[in-house]
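# Observations on the three-dimensional arrangement
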Amino acid sequence: MHNRALAILLDEHRSLGAVLHGLHFLVREAREKGTEPDFKLLWAMLYYMDAFSQRLHDPREEALLFARLRARTQEADATLDLLERQHAESAAHLRELEQRLGQVEAGVPGSLDAFAAAVEAHTEAARQHMLLEEKTVIPLAKKYLTTEDWLEITDAFVGKDDARFGAKPEHEFRELFSRIVNLAPPPIGVGPAQTSSD
């Protein structure tokens, strides 16, 4: 019964992970090869991370999965508290990334290195966060949630837009993700290859 809801959740993690990987890759390429950053693509990636993760994925996890798990057991409480704090901190990390990228685009000396360090920190924090959800929360949810819980979670995940999670329909996020893939150069996407500034 839980398979469909968890498949959607894990697919969302894969999409976010792919964007994070792409962001990390592009920044590393810009630093190591001296390529001009693709600001349109980088801004699209930050927007996706903000709009999808902060306005849909994280709130939906908290309102549906975390809340149900809290109602069934206290075993996950400390982990859920930590994950919810990390959700809140992620918003501040994204604002920092946006500020750092703006400095790179404005040509502020040293800003690419500062942006790269912020991307590195955010990518690792997000990776650890998703791993904690997948290795700790999901097994506990499988153990404690009822068939009724999973039906309601699945209905919410696959249902129509829910005002609790913002106004953007999920198909808009899928389209944005597709645009990112089409803009990103190989090996992370199918867009045009980057050229060195040499």
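Conventions we followed
Residues numbered from 1 in each chain as written. Predicted model: local features only at pLDDT ≥ 70, side-chain atom pairs only at ≥ 80, totals over all residues. Heavy atoms only, no water. Helix = DSSP H or I, 4+ residues; strand = E, 2+ residues; numbered from the N terminus. Buried < 20%, exposed > 50% of the residue type's maximum accessible area, 1.4 Å probe, protein only. Contact = heavy atoms within 4.5 Å. Areas by Shrake-Rupley, 256 points an atom, 1.4 Å probe, with all protein chains shown as cover. 1 Å grid on protein atoms, 1.4 Å probe; cavity = no way out; pocket = protein on both sides within 12 Å on 5 of 7 lines; lining within 4 Å. Points joined across faces, edges and corners; volume = space filled by probe spheres on them. Nonpolar A, V, L, I, M, F, W, Y, C, P; charged D, E, K, R; others polar. Phe/Tyr/Trp six-rings, centres within 6.5 Å; stacked < 30°, edge-to-face > 60°. Expected span 1.5 Å × (residues − 1). Arc of directions from axis to C-beta. Core = buried A, V, L, I, M, F, W, Y, C linked by side-chain atoms within 4.5 Å. pLDDT = per-residue confidence, 0-100.

Each helix and strand in the protein chain was counted, giving six helices and zero strands. Taken from N to C terminus, the helices and strands of the protein chain fall in the order α-α-α-α-α-α. Classification of the 198 residues of the protein chain by burial places 42% in the buried group. Look at the contacts in the protein chain between residues 6 or more apart in sequence, and 77% of them connect residues 24 or more apart. Accessible surface, the protein chain: about 10,300 Å² in total, of which carbon and sulfur atoms supply 53%.

The next subject is the layout of surface pockets. The calculated volume of the largest pocket comes to roughly 270 Å³. Lining of the largest pocket is provided by 18 residues; of these, Ser53, Ser90, His122, Ala126 and His129 occupy positions nearest its centre. The element that contributes the greatest number of residues to the lining of the largest pocket is helix α3 (residues 77-105), accounting for six residues. For the lining of the largest pocket, a count of residues per class yields seven nonpolar, nine polar and two charged.

Enumeration over the complete set of coordinates arrives at one aromatic pair. Summarising the aromatic geometry, the rings of Tyr48 and Phe52 are spaced 5.3 Å apart at their centres and angled 15° between planes, so their arrangement reads as stacked. Of this pair, Tyr48 and Phe52 both sit in helix α2 (residues 39-72), four residues apart, which is roughly one turn of the helix. An identical accessibility class is assigned to Tyr48 and Phe52; each is buried.

Before going further, it helps to examine helix α5 (residues 147-158). Between its first and last C-alpha atoms α5 spans 16 Å; for 12 residues at 1.5 Å apiece the expected length is 16 Å, and the two agree. Within α5, burial applies to Asp149, Trp150, Ile153, Thr154, Ala156 and Phe157. The buried residues of α5 occupy an angular sector of 165° when the element is viewed end-on, so they sit on one face. Facing away from the buried surface of α5 by more than 90 degrees, the exposed residues are Glu148 and Asp155.

Looking now at the side chain of His87. Along the chain, His87 falls in helix α3. His87 sits in the buried class, given a relative accessible area of 5%.

What follows is about the nonpolar core. Judged by nonpolar contacts, the single largest core of 26 residues is most densely connected at Leu23, Leu42, Met45, Met49, Leu97 and Phe115. Secondary structure elements with two or more residues in this core: α1 (3-33), α2, α3 and α4 (111-144). Contact partners of Met49, with chain neighbours within four places excluded, come to Val19, Leu20, Leu23, Gln54, Leu94, Leu97 and His122. Ranked by size, the runner-up nonpolar core spans 20 residues in total, among them Val137, Trp150, Ile153 and Phe157.

Attention now goes to the confidence of the model for the protein chain. For the protein chain, per-residue confidence averages 84 on the pLDDT scale, and residues scoring 70 or more make up 79% of the total. Every residue in residues 160-168 scores below 50 in pLDDT, and together they form 13 contacts with partners more than four places removed in sequence or on other chains.

Okay, α1 next. Its 31 residues give α1 an end-to-end C-alpha distance of 43 Å, which sits within 8% of 45 Å, the value for a rise of 1.5 Å per residue. Just past α1, the residue Gly34 takes up positive phi, approximately 70°.

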